[in-house]
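# Architecture at a glance
This is what each chain is made of:
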Amino acid sequence: MKNATFLFFLFSSMLLSSQQVKISGTVSDHAGDPMPGVNVMEKGTTNGTQTDFDGHYAIIVSEGAELSFSYIGCKNLTVKIRESVVVNVSLEEDLQILEEVVVSGYSIQKRRHVMGSVAMVNMQSPKSNISRALQGKVSGVQIRGIGTVENKSVGTKVNSPLYIVDGVPIKKQYNSIVQSLKSEDINSRKELNTTEAQNLYGQNAKHGCIVIHTVKGKYVIEEDENYAQITENQFQNVAVNPLSTFSIDVDKAAYSNIRRFINNGQNVPVDAVKIEEMINYFDYDYPQPSDEHPFSVNTEVVQTPWNVDTKLVRIGLQGKEYLNEELPASNLTFLIDVSGSMSANNKLPLLKSAFKLLVNQLREKDRVSIVVYAGAAGVVLAPTSGNNKEKIMSALNNLEAGGSTAGGEGIQLAYKLAEKHFKKNGNNRVILATDGDFNVGLSSDKDMEDLIVEKRESGVFLSVLGFGMGNYMDSKLETLADQGNGNHGYIDTMQEAQKLFGKEFGGTLFTIAKDVKLQVEFNPVKVKSYRLIGYENRLLADEDFIDDTKDAGELGSGHKVTALYEIIETGVTSAYDKEIPELKYTNTTGNTGFSDELFTVKFRYKKPDGNKSIELVHVQNANNQEMSKDFQFTAAVALFGQQLRKSAFINKTTFNNVIELAENGRGEDKNGYRAEFIRLVKSINEKLVTDNY
């Protein structure tokens, strides 16, 4: 009987095994470039995975199952699994969002991109793994490259070839740098047609290939990106420093910039990591405000996941959400950098596609102007109603890159135009899109800061969007946004553009509170030491909190702001807690009348058109809570940021600790942003293992 039972289970296992099949393949965009981070799910189940840097995936599914491929900004695709074990697919842009409108003669016709969304099911043939050296392509963007010809009436475009320089494939975003090579520096140059190129280099050379050998050999593209130096916040003794004061920050540029580095297989510069911007990239379940203030205040205290001797405090603000139709009329001035440094594929071409997402959301009462700058600045579109989308998009389509970068002149002209058409009680904003490479006229951070401080008195806000890599000037763009009462974003893909201009349209463009400051007073009876995680470049002097002349951050419609503190409670011994000498004149024992309070949070803000601050107060009692899923995910992002920054406070944690914490806190994750974060951490963890192998 036992043998019969054993044989039954053995047969059942074999039968079950025979009903499972491993499917693998590659997901690419319409241009044939690999797409990392695509969600691949077995339809009707929770079984799924994501594509890696090269767009590859592998998943075990039931025979006859259907695979669903999804990526933000692209149409979902479902493929029925038949006999093959390799399924390669190409995803199509979401045409409803990215529909282009062009002018042809005197009539208006709508043109849709024609892209294949058919799944190609075949046995994959071995090819050179050159795609690994070409990671991080921009998805969903029509490219204009070498020899490109554009017919203005129909928008016909020719794609650029692959470059191989001294045996190394060049990423498309660096094509413009290769094109600038001088003839005396080139030893030989050979052009391969599509057939020859694809035989040697695969799908990445579908538009041909140019092979260059330089005179010196070992050609290297030197990157010169600029980030402000960050010095990590240390633990502060409450007895002598009970107050912690800083300006809120809703910028999210650091996270998408870090994602770009990881997707490209590159090391992340330490000063590119701004933990507060990483945390604030994600959506959290904070309640809407229920009183007269434009945001709600929420606090939690839990055990720190990476240190048993400390507690972790989360302070969260939730800005009031408004429907688009409820928002005031907009007077928007697009200030677009069309200098030579913007010619790369992930700069001006991506910028134009991204801005079309914004244009599609404009209303009749909104007005758009376009100012461009290169060697000089000029107006290419006078104020135009938001319902005249074909005219706005035609102006965007006609933009081409070339020349030096007169950024200061462009900013002055954009403000002048915005002020001339100022809408009282409306949203008046300049949106600057650039890589930050200003080299004509006003160019230093200080010069630009002084200009923006002067201009913000007009009531015109400034949002700054960064594009590209290699010469990306992060510190300059952050300075402009901070001083211009606006926000700073970095767009690396159409996925990010959709998040910024689609899902977060109100928060990106409409300010509901300005000069928002936060001050925490810790109770020395309960707390011995504390440290603020992130916000190093947002710190304020304690007296600045009540000084209405001091500039601070802005909060947009629906924006969420999160700040984390790590605290050492009174009576707890920690290696991070520094003893201080006894003070002769100052009482450091604390007021025992508030023994049930852990800390008090004070907020000050002004209305968008106001000059006097409004204050509200929130008290946190000394009680610990169970860590919510949201808090677990927040902590995972903070820990990852600290690891990237090589923090002194991570307590020997690993990327695996981050992954576990993020998985536990992933929650519903409707848009897949948290899943993407987990993929990024896994990818950098795998790279670390490979590099150390």
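These notes cover the structure that comes with them. (Residues numbered from 1 in each chain as written. Predicted model: local features only at pLDDT ≥ 70, side-chain atom pairs only at ≥ 80, totals over all residues. Heavy atoms only, no water.)

### Observations concerning the pairing of strand β2 (residues 39–42)
- By the bridge criterion, three bridges tie β2 to strand β3 (residues 48–50) in an arrangement that is antiparallel. Within β3, the position partnered with Val 40 by the bridge is Thr 49.
- Linking β2 back to β3 in an antiparallel pair, the connection comprises five residues, with Gly 44 at a positive phi of about 85°.
- Note: β2 against strand β5 (residues 66–70), four bridges, orientation antiparallel. Each bridged residue has a counterpart across the sheet, and for Val 40 the counterpart in β5 is Phe 69. (Pairing = 2+ DSSP bridges. Helix = DSSP H or I, 4+ residues; strand = E, 2+ residues; numbered from the N terminus.)

### Looking at the sheet that holds β2
- With antiparallel pairing, the four strands of this open sheet are ordered in space as β3-β2-β5-β6. Unpaired on one side and paired on the other, β3 and β6 (77–80) mark the two borders of the sheet. Taking each pair of neighbouring strands and ignoring which way they run, the sheet shows an average axis angle of 20°. (Axes fitted to C-alpha atoms, helices over the stretch in contact; angles between N-to-C directions.)

### Notes on helix α12 (residues 494–503)
- Within α12, eight of the ten residues are buried, which leaves the element mostly enclosed by the surrounding structure.
- Among the residues of α12, those classed as buried are Met 494, Gln 495, Glu 496, Ala 497, Gln 498, Lys 499, Leu 500 and Phe 501. (Buried < 20%, exposed > 50% of the residue type's maximum accessible area, 1.4 Å probe, protein only.)

### Describing a nonpolar patch on the surface
- A cluster of nonpolar side chains, Val 240, Ile 580 and Leu 583, forms an exposed patch at the surface whose accessible area comes to about 210 Å².
- Here Val 240 shows up in the loop between β15 (236–237) and β16 (243–247). (Patch = residues over 30% accessible without salt bridge, like charges linked within 9 Å, V, L, I, M, F, W, Y side chains within 5 Å. Areas by Shrake-Rupley, 256 points an atom, 1.4 Å probe, with all protein chains shown as cover. Salt bridge = Lys/Arg side-chain N within 4 Å of Asp/Glu carboxyl O.)

### Overview of the pattern of salt bridges
- A complete count under the given rule lists 28 salt bridges for this structure.
- The partner of Asp 435 in a salt bridge is Lys 347, with the nearest N and O atoms 2.8 Å apart. Taken together, the residues span a long stretch of sequence, with Asp 435 in the loop between β22 (427–434) and α10 (445–455) and Lys 347 in the loop between β19 (330–337) and α7 (348–359) at a distance of 88 residues. Judged on exposure class, the residue Asp 435 and its partner Lys 347 are both buried.
- Salt-bridge contacts for Lys 499 lead to Glu 504; the nearest nitrogen and oxygen are separated by 2.6 Å.
- Linked through salt bridges whose partners overlap, the residues forming this network are Asp 249, Asp 251, Asp 482 and Arg 538.

### Focus on the sheet that holds β15
- The strand order across the open sheet formed by five strands is β15-β26-β28-β18-β17, and the pairing between neighbours is antiparallel. Since the sheet does not close on itself, it has two edges, and those belong to β15 and β17 (295–303), each with one partner.
- Pairing geometry for β15 and strand β26 (residues 527–533), over two bridges, is antiparallel. Along β26, the bridge assignment pairs Gln 236 with Tyr 530.
- Strands in contact with helix α14 (residues 629–644) are β17, β18 (311–319), β26 and β28 (560–569); relative to β18, the strand with the most contacts, it is inclined by about 110°. (Contact = heavy atoms within 4.5 Å.)

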